[in-house]
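# Close look at the chain arrangement
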Amino acid sequence: MRRDYTIYFFAAIGSFLIVFIALPLMVIFAKQAYDYKMLIKTLHDPLVLEALRNSVLTATATAVLSVLFGVPLGYVLARKDFRGKSLVQAIVDVPVVIPHSVVGIMLLVTFSTAILDSYKGIVAAMLFVSAPFAINAARDGFLAVDEKLEQVARTLGASQLRTFFSVTLPIAFPSIASGAIMAWARAISEVGAVLIVAYYPKTAQILVMEYFNNYGLRASRPISVILIAMSLTIFVILRWLVGRKIKV
């Protein structure tokens with residue numbers, strides 16, 4: 001049998017994207033290592049620490065809200081056919097295609113001073129752009145659950161709600177957890193909408209841009225490195241916990 005090199009050819013082509021993503025990460029960490037004094041100074045800056053705390057707290061709150069409201073909607077989309085379902089799904093996906101600066105304008109026009117320069121505004125902006133990840137992941141997770149399992153539970157006397165929590169939800173959990181993680185990641189990376197809706201209280205994403213505009217690349221780079229390291233660490237830990245849960 002002739003040896004097929006297709007997979008190696010595809011790997012060689014695909015490796016371009018791996019290098020393209022990994023190279024800037026390695027370069028920024030390497031350059032910051034030569035300027036470690038600036039990094040240490042930044043780590044002792046109360047404004048930076050508060051901004052990092054704001055980013056983590058608001059992104060976490062956003063992920064929780066995405067799951068709380070997204071899981072029930074995902075279940076409905078997976079289990080029920082109804083008139084207007086395609087419209088609902090389209091609305092769910094709309095935030096993916098709208099420029100995020102426009103999202104900020106829309107939220108301000110809609111909610112005005114109720115969200116302006118507040119934690120509510122930050123969470124609202126993050127939720128708008130991250131909710132589709134949680135909803136679609138939950139929907140796909142529920143679609144992967146064999147409905148016959150639910151029917152068996154119902155024939156044994158379980159209510160629909162009990163069947164959901166004892167059968168459907170545990171099986172779909174990996175997908176839901178992945179959606180929550182992606183929602184968190186998308187939330188903590190949001191800049192455009194947050195910039196317009198809530199410049200204050202300041203998040204790390206906004207502070208990076210402010211430092212870059214006011215003080216240049218050297219001042220903004222340490223915050224960027226800290227934010228990258230923190231986000232990647234939390235992301236990897238969450239992925240590991242989900243993977244461990246699946247194996248168990």
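Predicted model, so just to flag it, every value in this text is computed and none were measured.

### Examining helix α4 (residues 85–97)
Along an α-helix, residues three or four positions apart point the same way, because every turn accommodates 3.6 residues. With 13 residues, α4 extends 19 Å from end C-alpha to end C-alpha; this agrees with the ideal 18 Å at 1.5 Å per step. At I91, α4 shows its maximal bend, which comes to roughly 30°, and the proline P95 appears one to four places after that position. For α4, the set of buried residues is Q89, V92 and P95. On its buried face, α4 sits against α3 (46–79), α5 (100–111) and α6 (119–143).

### Examining the UniProt feature "domain: ABC transmembrane type-1" (unreviewed entry) in the protein chain
As recorded in UniProt, the sites labelled "domain: ABC transmembrane type-1" (unreviewed entry) are residues 52–238. For residues 52–238, helix accounts for 83% and strand for 0%, while the C-alpha atoms at its two ends are 18 Å apart.

### Quick word on the packing of aromatic side chains
Under the counting rule described, the total for this entry stands at eight aromatic pairs. Ring geometry for Y75 versus F142: centroids 5.2 Å apart, planes at 90°, classification edge-to-face. Taken together, the positions of Y75 in helix α3 and F142 in helix α6 put the pair 67 residues apart, joining distant regions of the chain. Residue classification places Y75 among the buried positions, given a relative accessible area of 16%. With a relative accessible area of 0%, F142 lands in the buried category. Aromatic rings pair up to connect Y75, F142, F164 and F165 into one cluster.

### Focus: the pattern of salt bridges
Tallied over the full model, the rule gives six salt bridges. We note a salt bridge from D81 to K85, for which the minimum N-O separation is 3.2 Å. Relative accessible area serves as the criterion here: at 67%, D81 is assigned to the exposed category. In this structure K85 comes out as partly exposed when scored by relative accessible area, which is 22%. One salt bridge in this structure joins E210 and K202, with 2.5 Å as the shortest N-O distance. Judged by its relative accessible area of 13%, E210 is buried. The network of salt bridges with shared partners includes D35, R218 and R221.

### Comments concerning helix α7 (residues 147–155)
Where α7 starts, the residue carrying a side-chain oxygen 3.0 Å from the main-chain nitrogen of K148 turns out to be D146. Of the residues one or two after α7, G157 is the one with positive phi, at around 105°.

### Some remarks on the nonpolar core
Ranked by internal contacts, the top residues of the largest apolar core, which has 18 residues, are A59, V103, L107, M126 and V194. Top element by residues in this core is α6. It accounts for four residues. Those residues in contact with A59 that lie beyond four places of it in its chain are M126, W184, A187 and I188. M38, V208, A219 and L227 belong to the second-largest nonpolar core, a separate cluster that totals twelve residues.

### Topic: the UniProt feature "transmembrane region" (unreviewed entry) in the protein chain
UniProt records the feature "transmembrane region" (unreviewed entry) for residues 7–29, 56–78, 90–116, 122–142, 163–185 and 223–242 in the present numbering. Annotated as 100% helix and 0% strand, the span residues 7–29 places its first and last C-alpha atoms 32 Å apart. Regarding residues 56–78, the helix share stands at 100% and the strand share at 0%, and the terminal C-alpha atoms are separated by 31 Å.

Parameters at a glance
- Residues numbered from 1 in each chain as written.
- Predicted model: local features only at pLDDT ≥ 70, side-chain atom pairs only at ≥ 80, totals over all residues.
- Heavy atoms only, no water.
- Helix = DSSP H or I, 4+ residues; strand = E, 2+ residues; numbered from the N terminus.
- Expected span 1.5 Å × (residues − 1).
- Bend = angle between axes of the 7 residues up to and from the residue.
- Buried < 20%, exposed > 50% of the residue type's maximum accessible area, 1.4 Å probe, protein only.
- Contact = heavy atoms within 4.5 Å.
- UniProt positions renumbered as here; feature names shortened; annotations may be inferred.
- Phe/Tyr/Trp six-rings, centres within 6.5 Å; stacked < 30°, edge-to-face > 60°.
- Salt bridge = Lys/Arg side-chain N within 4 Å of Asp/Glu carboxyl O.
- Polar contact = N/O pair within 3.5 Å; in protein donor to acceptor, adjacent residues only side chain to side chain.
- Core = buried A, V, L, I, M, F, W, Y, C linked by side-chain atoms within 4.5 Å.

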